[in-house]
Amino acid sequence: NVSVVLFTADLRLHDHPPLRAALDGSRQVVPLFVRDRAVDAAGFAVPNRLAFLADSLRDLDAGLRERGGRLVLRSGDLVDEVCRAAGEADADEVHLAADVSAHARRREERLRAALEAQGVRLHVHDAVTTAVGPGAVVPSSSDHFAVFTPYFRHWSQQRLRTPLRAPGPVRVPDGVGSQELPSRGDLSGLSPALAEGGETRGRRQFASWLRSGIAAYEDRHDDLAGDATSRLSPHLHFGTLSPVELVHRARRAGGPGAEAFVRQLAWRDFHRQVLAARPRAAHADYRTKHDRWRSERTAREDVEAWRAGRTGYPIVDAAMRQLRHEGWMHNRGRLLTASFLAKTLYVDWRIGARHFLDLLVDGDVADNQLNWQWMAGTGTDSRPNRVLNPVTQAKRYDPDGAYVRRWLPELRGVAAPAIHEPWKLPGPDRASLDYPDPIVELSAGLDRFRRAREAR
Ligand code: FAD
């Protein structure tokens, strides 16, 4: 018999339960990826992520070819394409990893019905794109955890399955047509310093992280200039690395750095179980409502300055320019630029979230939208009114100004701590800088936020 393995956000060969199940049960397997027209239509197919995807599909294909197989690529309506490929291969099973977004779940239901009509069974596998899947830990009084700390307590007690080795030979039936694989060279509009994708690279990066990064993670994860986080987020987003394997191997490495890293991986699962239970949280306020956000129209100049990294607050501008240049931003930068847009400028968080999704190579519906909501005070933060002061944050997390100097050439000659408040420089020094004045005074921004909050 023949099985189709539909790859989605799990573009790897190591620790891949759907592929393992297919190989165990079948003579031949069709490894399939479908570029889903609906995902493109929703604006998710942006150049930075398409480039990482192209790298990852090529690497997956190379790995399959080493095993005697190949990757089959299609594009169009995902359900139609899977059914067609299953028909061409005369398959009797399709294996797929579970996913949480509203789109993915509707798609899975449609797929199940369409395959059944064709006499093909659909098998959906948990804990492929998460370490602990939504539904594996549920509180007694609700359908999901709305607060991270109790969730993490339960999450930590879960027994994870043992990670699977990469497979042996993969035999693909003849007569299943494939499109040519995309290549990042065909794309334009990429961030100049965009990371490269693919499982091979991801595994190398993770091995090096275990050897020389993770031990210092707890102490250094907020050091903006030190850039001492794993940068594994795009690999987790595309599934070129397995979260189950990462948790296992980090735990084996042990120590406070590994513990802190595993805790961050639990945040991914936390957001997935929130989104699975409340799919509308991808675009609507999850818990606390703010109805008076300034819109793109009423705050156009502020939004443009924020996007361009010209707000006059060096730490905010440095982070926004990192985003544009690398398609990635340090977590501390994400927190303070989001706080600045949503709270200091009181602009609708969805405008910021969209801009992030347009550029982030790890841009992810669950992690992006729910982190934005957390920072905007509409999400799961138990202190929804906290505001991050960009000057205090800058002095704490970039004390020497090295991060600002890296991204703002116009401030390269300014020493810390003055670099974080250039408006305070003496007249002639200030006048010599080609750098804008702050677009908003922090206290005025804060007053606006407080007034809006009280009027709610
Ligand atoms: P590390 O610090 O090395 O952490 C390891 C892994 O843990 C990350 O790769 C990531 O998978 C996970 N992780 C860490 N922090 C978080 C978190 N707060 N929420 C969920 N998972 C986390 N992360 C994304 O992957 N995609 C996004 O689109 C995204 N958007 C964000 C938007 C905002 C406003 C904020 C504040 C955070 C966002 N994050 C997002 C979370 C976090 O900033 C990134 O995961 C992290 O910066 C990636 O860098 P790293 O791989 O070096 O992280």
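Because the structure is a prediction, the values reported are computed rather than measured.

Quick notes on the rules
- Residues numbered from 1 in each chain as written.
- Predicted model: local features only at pLDDT ≥ 70, side-chain atom pairs only at ≥ 80, totals over all residues.
- Helix = DSSP H or I, 4+ residues; strand = E, 2+ residues; numbered from the N terminus.
- Rg over C-alpha atoms; globule rule 2.2 N^0.38 Å.
- Buried ≥ 20, exposed ≤ 12 C-beta atoms within 10 Å, placed from the backbone.
- Contact = placed C-beta atoms within 7 Å.
- Near = placed C-beta within 6 Å.
- Nonpolar A, V, L, I, M, F, W, Y, C, P; charged D, E, K, R; others polar.
- Domains from an automatic or database assignment.
- Pairing = 2+ DSSP bridges.
- Axes fitted to C-alpha atoms, helices over the stretch in contact; angles between N-to-C directions.
- UniProt positions renumbered as here; feature names shortened; annotations may be inferred.
- Expected span 1.5 Å × (residues − 1).
- Parallel < 35°, antiparallel > 145°, perpendicular 65-115°, else oblique.
- Left-handed = near helix turned anticlockwise from the far one by under 90°.
- pLDDT = per-residue confidence, 0-100.

(A) Up close: the overall build of the chain. Helix and strand content of the chain: 20 helices and five strands. Against the 2.2 N^0.38 benchmark of 23 Å for 456 residues, the chain shows a C-alpha radius of gyration of 23 Å, consistent with a compact globule. For the chain, with 456 residues in total, the buried portion stands at 46%. Here the contacts in the chain between residues at least 6 apart in sequence split such that 78% fall between residues at least 24 apart.

(B) Main features of helix H15 (residues 349-359). The set of residues buried in H15 consists of Trp349, Arg350, Ile351, Gly352, Ala353, Phe356 and Leu359. On the buried face of H15, the contacting elements are helix H3 (47-66), helix H12 (300-308), helix H13 (314-326), helix H14 (331-344) and helix H16 (365-376).

(C) Seen up close, the site of the ligand. In the vicinity of the ligand there are 28 residues, among which Thr229, Ser230, Ser233, Asn368 and Asn371 approach most closely. Breaking the shell around the ligand down by element, the ones donating at least two residues are helix H9 (233-238), helix H11 (256-277), H14 and H16. Of the residues forming the shell around the ligand, the biggest block, six residues, is contributed by H11. Tallied by class, the residues present in the shell around the ligand amount to eleven nonpolar, eleven polar and six charged. Counting contributing residues per domain, the shell around the ligand is built from domain 2 (130-160 + 200-277) and domain 3 (300-454), each supplying no fewer than three.

(D) Geometry of the sheet that holds strand S2 (residues 28-36). Spatially, S3-S2-S1-S4-S5 is the arrangement adopted by the five strands of the open sheet, whose pairing is parallel. The two strands at the open ends of the sheet, each matched to only one other strand, are strand S3 (72-76) and strand S5 (121-125). Strand-to-strand twist in this sheet, taken as the mean axis angle between neighbours without regard to direction, amounts to 25°. The pairing of strand S1 (residues 2-7) with strand S4 (residues 93-97) spans four bridges and is classified as parallel.

(E) Focus on the environment of Ser183. Structurally, Ser183 is set in the loop between helix H6 (148-157) and helix H7 (199-212). Assessed through the 12 C-beta atoms surrounding it within 10 Å, Ser183 is described here as exposed. Sequence spacing of Ser183 and Asp447 is 264 residues, and the spatial spacing of their C-alpha atoms is 49 Å.

(F) Inspection of the UniProt feature "domain: Photolyase/cryptochrome alpha/beta" (unreviewed entry) in the chain at higher detail. The feature "domain: Photolyase/cryptochrome alpha/beta" (unreviewed entry), as annotated in UniProt, sits at residues 1-130 in this numbering. Along residues 1-130, the helical share is 48% and the strand share 23%, with 29 Å between the first and last C-alpha atoms.

(G) Examining H13 more closely. Over its 13 residues, H13 extends 18 Å from the first C-alpha to the last, a length consistent with the 18 Å expected when each residue adds 1.5 Å. Buried residues dominate H13, accounting for eleven of its 13 residues. What H13 keeps buried is the set Pro314, Ile315, Val316, Asp317, Ala318, Ala319, Met320, Arg321, Gln322, Leu323 and Glu326. Buried residues belonging to H13 abut H12, H14, H15, helix H17 (390-397) and helix H18 (402-407). Downstream of H13 by one or two residues, Gly327 has phi in the positive range, about 70°.

(H) Quick peek at the environment of Pro31. The topology assignment puts Pro31 in strand S2. C-alpha separation for the pair Pro31 and Leu71, spaced 40 residues apart in sequence, amounts to 5.3 Å. Setting aside anything within four residues of it in sequence, one finds Pro31 in contact with Val5, Phe7, Leu64, Gly69, Leu71, Val72, Val170 and Val172.

(I) The packing of helix H10 (residues 243-253) against H11, seen in detail. Interaxial distance between H10 and H11 falls to 9 Å at its minimum, and their mutual angle equals 160°. Looking at the two axes, H10 sits roughly antiparallel to H11. As for how H10 packs across H11, the hand of that crossing is left-handed. In contact with Pro243, Leu246, Val247, Ala250, Arg251 and Ala253 of H10, H11 contributes Ala258, Phe261, Val262, Leu265 and Arg268.

(J) Region of the structure containing the domain arrangement of the chain. Taken as a whole, the chain is organised into domain 1 (2-128), domain 2 (130-160 + 200-277) and domain 3 (300-454). The distance between the C-alpha centroids of domain 1 and domain 3 comes to 39 Å.

(K) View of unusual backbone geometry. With an omega of 0°, the peptide bond running from Ala416 to Pro417 counts as cis. On the secondary structure map, Pro417 appears in the loop between H18 and helix H19 (427-431). Backbone geometry places Asp15, a non-glycine residue, at a positive phi of 45°. When you line up the elements, Asp15 lands in the loop between S1 and helix H1 (17-25). Within the chain, Ala127 stands out as a residue other than glycine whose phi angle is a positive 50°. Residue position: Ala127 is located in the loop between S5 and H6.

(L) Highlighting the pairing of S5. As paired elements, S4 and S5 share five bridges and run parallel to each other. Counted as the bridge partner of Ala97 is His125 from S5.

(M) Representation of the confidence of the model for the chain. Of all residues in the chain, 100% attain a pLDDT of 70 or more, and the chain-wide mean is 96. Overall fold confidence (pTM) sits at 0.97, and the ipTM for the predicted complex is 0.99.

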